Protein chains: 2
Amino acid sequence: MLDDRKKKVLQAIVEEYINTAEPVSSNALTTNHGLNCSSATIRNEMAELEKNGYLDKTHTSSGRVPSEKGYRYYVDELLNDKDISLEEIKYISSKLETKVNEIEDLTKITANTISEVTHYTAVSIGPKTSNQIIEDIKFVLLGSRMMMAVILTDTGLVKETIIKFDEDVTQKQIETMNYMFNNKLKGQPIETIDRPLEDYLYDEMTYSVNVIKPVIEQLKKVIQEDENIYLEGANKSFDLPEFNSLEVAKNFVNILDTKEVVADMLNSGFAEDINVYIGDENKQDELKDFSVVTFKHKVNGKDLGTIGIIGPKRMDYSKVISVMKYINKKLKEM
Amino acid sequence: MLDDRKKKVLQAIVEEYINTAEPVSSNALTTNHGLNCSSATIRNEMAELEKNGYLDKTHTSSGRVPSEKGYRYYVDELLNDKDISLEEIKYISSKLETKVNEIEDLTKITANTISEVTHYTAVSIGPKTSNQIIEDIKFVLLGSRMMMAVILTDTGLVKETIIKFDEDVTQKQIETMNYMFNNKLKGQPIETIDRPLEDYLYDEMTYSVNVIKPVIEQLKKVIQEDENIYLEGANKSFDLPEFNSLEVAKNFVNILDTKEVVADMLNSGFAEDINVYIGDENKQDELKDFSVVTFKHKVNGKDLGTIGIIGPKRMDYSKVISVMKYINKKLKEM
DNA sequence: TTTAGCACTCTTTACTATTGTTTGCTAACT
DNA sequence: AGTTAGCAAACAATAGTAAAGAGTGCTAAA
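These numbers come from a predicted model, not from an experiment.

A. Broad picture of the overall build of chain A. When helices and strands are counted, chain A shows 12 helices and 10 strands. What you see for chain A is a C-alpha radius of gyration of 26 Å, clearly larger than the 20 Å of a compact globule of 334 residues, by over 25%. Projected onto its principal axes, the C-alpha positions of chain A cover 90 × 40 × 35 Å. Counted over contacts in chain A with a minimum sequence separation of 6, partners at least 24 positions apart contribute 61%. As displayed, chain A offers around 15,400 Å² of accessible surface, 45% of which is attributable to carbon and sulfur atoms. Side chains of chain A carry 42 positive and 56 negative charges; the gap between the two charge centres is 3 Å.

B. Quick look at the relation of the copies chain A and chain B. With an RMSD of 0.1 Å, chain A superimposes on chain B once it is rotated by 180° and translated 0.0 Å along the axis. Overall, the copies show the geometry of a two-fold rotation axis. Closest to the rotation axis within chain A is the C-alpha of leucine 246 of chain A, separated from it by 3.5 Å. The residues that chain A uses at the interface reappear at the interface of chain B in 100% of cases, marking a shared surface.

C. Up close: the sheet that holds strand 6 (residues 158-164) of chain B. Residue and element names in this part refer to chain B. Spatially, the 3 strands line up as an open sheet ordered 4-5-6, and their pairing is antiparallel. Two strands close off the open sheet at either side, each with one partner strand: strand 4 (134-141) and strand 6. Neighbour-to-neighbour, the strand axes of the sheet open up by a mean angle of 20°, direction not taken into account. When strand 4 meets strand 5 (residues 146-153), the two strands line up antiparallel, connected through 7 bridges. In the sheet register, valine 140 faces strand 5, and the bridge partner there is methionine 148. In the packing of helix 6 (residues 171-185) onto the sheet, the strands contacted are strand 4 and strand 5, and the crossing angle to strand 4 comes to about 170°. Relative to strand 6, helix 8 (residues 209-224) is tilted by about 140°, and along the sheet it contacts strand 4, strand 5 and strand 6.

D. View of a negative patch on the surface. Residues and elements named next belong to chain A. On the surface, Glu247, Asp264, Asp280, Asp285, Glu286 and Asp289 cluster together into a patch of negative charge. Considering the arrangement of structural elements, one finds aspartate 285 in the loop between strand 8 (274-278) and strand 9 (290-299). The class of aspartate 285 is exposed, set by a relative accessible area of 60%.

E. Just the interface of chain A and chain B, in detail. Across the boundary between the two partners, chain A contributes 31 residues, which contact 31 residues of chain B. Together, the buried faces of chain A and chain B total about 3,000 Å²; carbon and sulfur atoms form 59% of this surface. Considering only the side of chain A, the residues that lose the most area to chain B are Asn101, Ile162 and Leu246 of chain A, jointly responsible for 19% of the buried surface there. At the surface where chain A touches chain B, the tally comes to 2 salt bridges. For lysine 250 of chain A, the salt bridge goes to aspartate 239 of chain B, with nearest N and O atoms at 3.1 Å. Taken together, the links from chain A to chain B amount to 16 residue pairs in polar contact (both at pLDDT 80 or more). Elements with a contribution of two residues or more to the side of chain A that touches chain B: strand 4 (134-141), strand 5 (146-153), strand 6 (158-164), helix 8 (209-224), helix 9 (234-237) and helix 10 (246-257) of chain A. When grouped by side-chain class, the residues that make up the side of chain A that touches chain B number 16 nonpolar, 6 polar and 9 charged.

F. Region of interest: the protein's contact with DNA strand C. In the vicinity of DNA strand C there are 20 residues, among which Ser26 and Lys57 of chain A together with Thr41, Thr60 and Ser61 of chain B approach most closely. Within 4 Å of the protein, atoms of DNA strand C come from sugar and phosphate in 79% of cases. Residue serine 26 of chain A places a side-chain N or O atom 2.7 Å away from a phosphate oxygen belonging to DNA strand C. Between serine 61 of chain B and DNA strand C, the recorded distance is 2.5 Å, taken from a side-chain N or O atom to a base oxygen. Looking at the surface near DNA strand C, the elements with two or more residues in it are helix 2 (39-51) of chain A together with helix 2 (39-51) of chain B.

Definitions and limits used
Residues numbered from 1 in each chain as written. Chains lettered and ligands numbered in written order. Predicted model: local features only at pLDDT ≥ 70, side-chain atom pairs only at ≥ 80, totals over all residues. Heavy atoms only, no water. Helix = DSSP H or I, 4+ residues; strand = E, 2+ residues; numbered from the N terminus. Rg over C-alpha atoms; globule rule 2.2 N^0.38 Å. Contact = heavy atoms within 4.5 Å. Areas by Shrake-Rupley, 256 points an atom, 1.4 Å probe, with all protein chains shown as cover. Lys, Arg positive; Asp, Glu negative; His and termini not counted. Charge placed at Lys NZ, Arg CZ, Asp CG, Glu CD. Least-squares fit on C-alpha atoms with pLDDT ≥ 70 in both. Pairing = 2+ DSSP bridges. Axes fitted to C-alpha atoms, helices over the stretch in contact; angles between N-to-C directions. Patch = residues over 30% accessible without salt bridge, like charges linked within 9 Å, V, L, I, M, F, W, Y side chains within 5 Å. Salt bridge = Lys/Arg side-chain N within 4 Å of Asp/Glu carboxyl O. Buried < 20%, exposed > 50% of the residue type's maximum accessible area, 1.4 Å probe, protein only. Buried area = accessible area lost by both parts, 1.4 Å probe. Polar contact = N/O pair within 3.5 Å; in protein donor to acceptor, adjacent residues only side chain to side chain. Nonpolar A, V, L, I, M, F, W, Y, C, P; charged D, E, K, R; others polar. Near = heavy atom within 4 Å.

Set out below in structure tokens:
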């Protein structure tokens, strides 16, 4: 375990580096960090912290930079909640009070808010459909060969899709089908729309395969399809000094351009609400040089979407986590 | 007017520069461009082309680079249609034959296809809603205080939105409202949903304002709201040499991040189908250093969305325009 | 009108010297 | 034993210089 002064030194280095993006020298820590000792003493402490893997050097005579282990220790043990300014509180409140009719929009707005307040790039994804419980299904005829299906789930998600037929269908047919679907699916998780249901319907109904098949197929497609990924503030990252390296900038754009990586990243958190992944801790190779903080938006244990912040490993974890905690509290109050 | 050899020289320089991204020297044109003369002669021609504004130099003793006037002349007068390879034809066909139920999806797929074939970044926007003709409106009750409104237009666009009420509404109320709305709006452009309609409904209907108001407000919101902008292949641009300049890369990300600029860009074309904007010709300040080619997807004069390619001024106009023309033909066949 | 030849311009690259920052170590001090 | 002052060594960053290379413009001859 680290003794008290080592903790202080590590914390000072992490925070200094987060602020300046420059390797931190022993001299820089002699003032304004409550360490009443000379730079030589700090140098000794730094050398030991480096030996234990908490710090790195960029070259033999450079100042110190936190290692991933250093950041992890900082996040786990040394992090203080940061106060949120009055302006920020006002801004967050006004954003979250926007009246929204669809919960996916709320996730978007939350992502946008977090990005604006933290000045990092945010991504969001809607709630996972497959394990939600179907509360109601409505079929609406739109012309003679087109229909809309609307699925309502327990979390308030409304999912609609258009289905086209190769032959004319009647209002009567739609109504019967609607009854059958509801009968079988109400109270079931959405993923129930699958093979067994298909077989059941073919058995029960006397309609042409041209009517039932498109419905089943389109519904299956809808529940399988990737949730909408929403990106906010990509340009914000480009103001950070680490993005002066073309390679980093290019990697970053590549990540944001690859929906699978982003979806994977947002879906891989296992903690209750906030997850922090530092560099190599990320499961996705593309993210090894970045840090990610994700935030699951839940109400009564129900998934309402996930928001992620992507930034440099030198991320202001304290700020990001404090903002997320505050927003989480606000959302729960609603 | 330019004489025949000057045209050839200009064309050779533009095409060489598009290929190499390096200033073109007089020597480089003596081979492989059908100009049977020495580098000195070409130098004389280049000097005159520069005097007339078709070429630029990066410094006194550098090779030549096309000016915006030069690119414009090339696009207007010297452009040859490029052959599309068999693989490309196959790829395009397979992509466009994907069965889609919503026309916005077709626009997305088209944008994706153009980006993949040309290797440039593409953006797309759905059809402009406001001037489409309403064919049918359906109201569907989803629970006691929630309803979905579905608007069908003449172009096949299906626009749906959720409306929430502060008090319980009955199926009967919904049906009456639905009848009234259709009665007033069928055959009218979508933008008819506005003040006069609002007044009419308040006069005609005896329902509480709590029922009518949310419907009108949400419908107005839907038709006003920005169309969905879809971005494809942002990372493709980062492989181009001009994006080695951090400033350019940053500008580019900023543009793509600013939906208003992209929407503006896509909506500002006035030509029938394909529009080319070179550098300063762009109406948006942010785009002054880029070139944009837009393509309006229309069937029977009806707007089905617009796709845009953003790239360096050194864009392969010939390729981009050929691909767009081919895709346009394919789409019209469908 | 075309072209060969050459001086001149400017970029690019490599090399060198200088300056400044920061460390690690040693020896002295508390 | 822990702390500190002092100093040599390592290295980055910057500026300056020189040499090489690419390309033009101009002149004069074909």
